[in-house]
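Analysis of the macromolecular model
Here is what each chain is made of, one letter per residue.
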Amino acid sequence: MQDTVTRFVNEKQNGLMLFEMPTGSGKTYQARKIIGKYIKGEILQNIPTIFYVSPLIKNVDDIYSELREDFQDDLETFDASVLRLYPNAECVVKYLRDIENRIPFSITNKQSFKELKQQVDLYNQVSSRGTIRNSTTEAYLNNIRKTYEPPFRRDLVRELEKNCRTKRERKKKLQSKEYSWVKELYPSCMTDDRKVIIMTMSKFIAVNDPIIDKAYRFISYSKTKGALIFLDEFDATKSVVLNQEIERCKDYKFNLVKLFQQLSGNLKNMKDPMSILVGSKDPIDRQSPLYAYTQMKKVIFEIQEEHNLDYRFKLESNEERDKCFLFDDFSLHTISTSDKNKRISIHTDNRTNHINISFVAKDETGNFNRLMQQLKGAINYFIKCCAMISRDYLNDYNDKYKDEKMNIEQAVSTILDQFNLDENINRTLIPIIVNDMSIPVESRHRDIMKTDFSLDGFKYYDFEDDIVHNETTSITMCYFENTPEKFLLSLTNIARVVGLSATATVESVLANYDLNYIKKKLGNNYHELTSNEKQRIKKKAL
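What you see is a predicted model, and the numbers here were worked out from it, not measured in a lab.

Looking at the pattern of salt bridges
In the structure shown here, the tally under the stated rule is 27 salt bridges. One salt bridge in this structure joins arginine 97 and glutamate 100, with 2.9 Å as the shortest N-O distance. Judged by its relative accessible area of 16%, glutamate 100 is buried. A salt bridge links aspartate 155 to arginine 158, with the nearest nitrogen and oxygen atoms 2.6 Å apart.

Here is the structure:
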């Protein structure tokens, strides 16, 4: 396996290679030996980082402890090279009480710390009772994860930022006695300093907060580019990506019309942000950010004028309390809770300055569907435009400031900030734009009449009335855009990915990634094992 992985690393800057070996045949053991030799400087010194990722906590814990055992005679080298990365909440629950006495009063006196400590104590009390169900303890942990740990972490970051403007200064602050405990409570602050990073799949696809710098996802992390990534239990990682994306969609919805109205209104009232439009200033240069920005404005203004989008939308009274959704997988489909085959129609009421929405048996005009397609197209244009501007801005910044590198999330956040959108909308758009930037150009479909579910995902729209916005109806869009196949394509576009599993090459789109699709998109970057390599693996497995 070592020879095969070495050949893959030497021949490819990025791509995918799958090892299908029976359970118990030593896949993880072989990966561990490769990592050990890498730490010692014996092999693979042309790659910046090795990641070991598995959906199973046991696999992650085992490889870390066994690798550490391999370095019993040189633990200093091991600890300086390897990081076992945990989710923030799990680290806090495990270590907060142990390091509490070392935390300065300026932090322990904050309300966020007091509330977090109380919840951690409660969790530890509940989890220590053997009669409590796992679902109950998980609910307590989830409450800490979502409600109590983030405010404490934000307060900690503010303390670290006092008198420390740069990442380098904040990093130096962690070396002081006053803040040395941060490394134990948040090991993520050492991510930059380690060449081997071991974690679960759920952590790998989540946001990583290094405390001393802006949070990022590993798919846009600088050390992921050109890295070697072992995905153990490869096929099982798909369900982790899928479930996390579903949870993200539940949390991040946005009002489509409100986004468009904010964007068009702000574009009318603001000066063009020339400082972010790096490169050619020729307005007819189709490759320039300026051209993309100018065309985006033109599209948005034309749609605004055509559909009277200064008006507010309002759902007409519906005595049957029928609930309708729009499902969008390139074409629009109306889904109704009634047995009737409903359609959605709109008409402008100049008396109330509303665009009224009604559910009808037949819509002769098709105005609503045309409006939704144009709104969706405009927002997609905006996303593509921001991706292009962000990419050029990022490259330009990092060429100028080599000591304080900017990451993709920071670049996208900088560009979105110019448009003065709601914070919640920005939070939803940032990962969408980052994902768009991560897809290899050769994998994108160029025929606008075709759709690709694995790259485009789908959207659905809901109509929400509420007493707090009684005179308007929100048209809320939920965007499922990061499919497991899209995630894998993005990852293999920047890194060398080695999939390990007894069923790694099983062709099942339910139990595995769509491998036929992945192979087609990757082309030469899908690395097939030679017949000799397959024979050697088969012999070792017998």
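Digging into the sheet that holds strand β16 (residues 496-501)
Pairing within the open sheet is parallel, and its seven strands lie in the order β3-β4-β2-β7-β16-β1-β17. On the outer flanks of this sheet lie β3 (82-84) and β17 (526-527), each paired with one strand and no other. In this structure, strand β2 (residues 50-54) lies alongside strand β4 (residues 196-200), joined through five bridges in parallel fashion. Residue pairing for β4: valine 53 is matched across the bridge by methionine 199. Across the sheet, helix α3 (residues 57-70) lies against β2, β3, β4 and β7 (228-232), angled at about 150° from β4, the strand it touches most.

Topic: unusual backbone geometry
With the exception of glycine, most residues fall at negative phi, and the peptide bonds are largely trans. Even without glycine at this site, leucine 44 takes up a positive phi of about 55°. By the secondary structure assignment, leucine 44 is in the loop between α2 (27-40) and β2. On the accessibility criterion, leucine 44 (7% relative accessible area) is buried. Look at asparagine 163: it is not a glycine, yet its phi comes out positive at around 60°. Tracing the chain through its elements places asparagine 163 in the loop between α8 (134-161) and α9 (167-173). The exposure class assigned to asparagine 163 is exposed, which follows from its relative accessible area of 80%.

What about the pairing of strand β15 (residues 474-480)?
Taken residue by residue, a regular strand's side chains alternate between the two faces of the sheet. Most of β15 is tucked away: seven of the seven residues are buried. Going residue by residue along β15, you find Ser474, Thr476, Cys478 and Phe480 tucked away on one face and Ile475, Met477 and Tyr479 tucked away on the opposite face as well. In this structure, strand β8 (residues 254-255) lies alongside β15, joined through two bridges in antiparallel fashion. Residue asparagine 255 lies in a different strand from β15, and its bridge partner there is threonine 476. Note: strand β14 (residues 458-464) against β15, seven bridges, orientation antiparallel. Among the inter-strand pairings, phenylalanine 458 is bridged to a residue of β15, identified as phenylalanine 480.

As for the environment of leucine 174
Along the chain, the position of leucine 174 falls in the loop between α9 and α10 (182-185). Accessibility expressed as a relative area gives 3% for leucine 174, which makes it buried. Sequence-wise, leucine 174 and leucine 160 are 14 residues apart; in three dimensions their C-alpha atoms are separated by 8.5 Å. With residues up to four places along the chain from it excluded, the contact list for leucine 174 reads Leu160, Tyr179, Ser180, Val182, Lys183, Cys189 and Ile212.

Looking at the state of the cysteines
Evaluated as defined, the whole model comprises zero disulfides. Cysteine 91 takes part in no disulfide bond, and the closest cysteine sulfur to it belongs to cysteine 189, at a distance of 9.9 Å. We classify cysteine 91 as buried; its relative accessible area is 1%.

Structural notes on helix α12 (residues 237-251)
Under the 1.5 Å per step criterion, the end-to-end length of α12 is 22 Å for 15 residues, consistent within 8% with the ideal 21 Å. Burial in α12 covers these residues: Thr237, Lys238, Val240, Val241, Glu245, Arg248 and Cys249. Down the axis of α12, the buried side of the element spans an arc of 165°, and every buried residue falls inside it.

Considerations on the packing of α12 against helix α19 (residues 484-494)
With their axes 9 Å apart at the nearest point, α12 and α19 run at an angle of 110° to one another. Regarding the angle of α12 to α19, the classification is roughly perpendicular. Crossing geometry of α12 relative to α19 is assigned as right-handed. Residues Lys238, Val241 and Leu242 of α12 pack against Pro484, Glu485 and Phe487 of α19.

Quick notes on the sheet that holds strand β12 (residues 343-349)
Backbone-to-backbone hydrogen bonds join strands into a sheet, with any given pair of strands oriented parallel or antiparallel. Ordered by their spatial adjacency, three strands build an open sheet running β9-β13-β12, and the pairing between neighbours is mixed. The open sheet has two free edges, formed respectively by β9 (312-315) and β12, since each of these has just one partner strand. Across the sheet, the mean angle separating the axes of adjacent strands is 30° when strand polarity is ignored. With seven bridges connecting them, β12 and strand β13 (residues 354-360) associate as antiparallel partners. Note on β13: the bridge partner recorded for isoleucine 346 is isoleucine 357.

Brief notes about the side chain of lysine 297
Along the chain, lysine 297 falls in helix α14 (residues 289-306). A relative accessible area of 17% places lysine 297 in the buried class.

Things to note about the confidence of the model for the protein
As a general rule, the predicted coordinates of low-pLDDT regions are not to be interpreted in detail. Taken residue by residue, the protein gives an average pLDDT of 86. The fraction at 70 or more is 92%. Low pLDDT, under 50, characterises residues 442-450; the predicted model gives this stretch 18 contacts beyond four residues in sequence or across chains.

Things to note about the packing of α2 against α3
To characterise two packed helices, one gives the angle between the axes of the helices and the distance between these axes. Running from amino to carboxyl end, α2 crosses α3 at an angle of 45°, the nearest separation of the two axes being 10 Å. Taken together, α2 and α3 sit at an angle that is classed as oblique. In terms of crossing hand, the pair formed by α2 and α3 is right-handed. Between α2 and α3, the contacting residues are Thr28, Arg32, Lys33, Ile35, Gly36 and Ile39 on the first element and Ile63, Glu66, Leu67 and Asp70 on the second. For the contact of α2 with α3, the class distribution of residues is four nonpolar, two polar and four charged.

Quick notes on the rules
- Residues numbered from 1 in each chain as written.
- Predicted model: local features only at pLDDT ≥ 70, side-chain atom pairs only at ≥ 80, totals over all residues.
- Heavy atoms only, no water.
- Salt bridge = Lys/Arg side-chain N within 4 Å of Asp/Glu carboxyl O.
- Buried < 20%, exposed > 50% of the residue type's maximum accessible area, 1.4 Å probe, protein only.
- Pairing = 2+ DSSP bridges.
- Helix = DSSP H or I, 4+ residues; strand = E, 2+ residues; numbered from the N terminus.
- Contact = heavy atoms within 4.5 Å.
- Axes fitted to C-alpha atoms, helices over the stretch in contact; angles between N-to-C directions.
- Disulfide = S-S within 2.5 Å.
- Expected span 1.5 Å × (residues − 1).
- Arc of directions from axis to C-beta.
- Parallel < 35°, antiparallel > 145°, perpendicular 65-115°, else oblique.
- Left-handed = near helix turned anticlockwise from the far one by under 90°.
- pLDDT = per-residue confidence, 0-100.
- Nonpolar A, V, L, I, M, F, W, Y, C, P; charged D, E, K, R; others polar.

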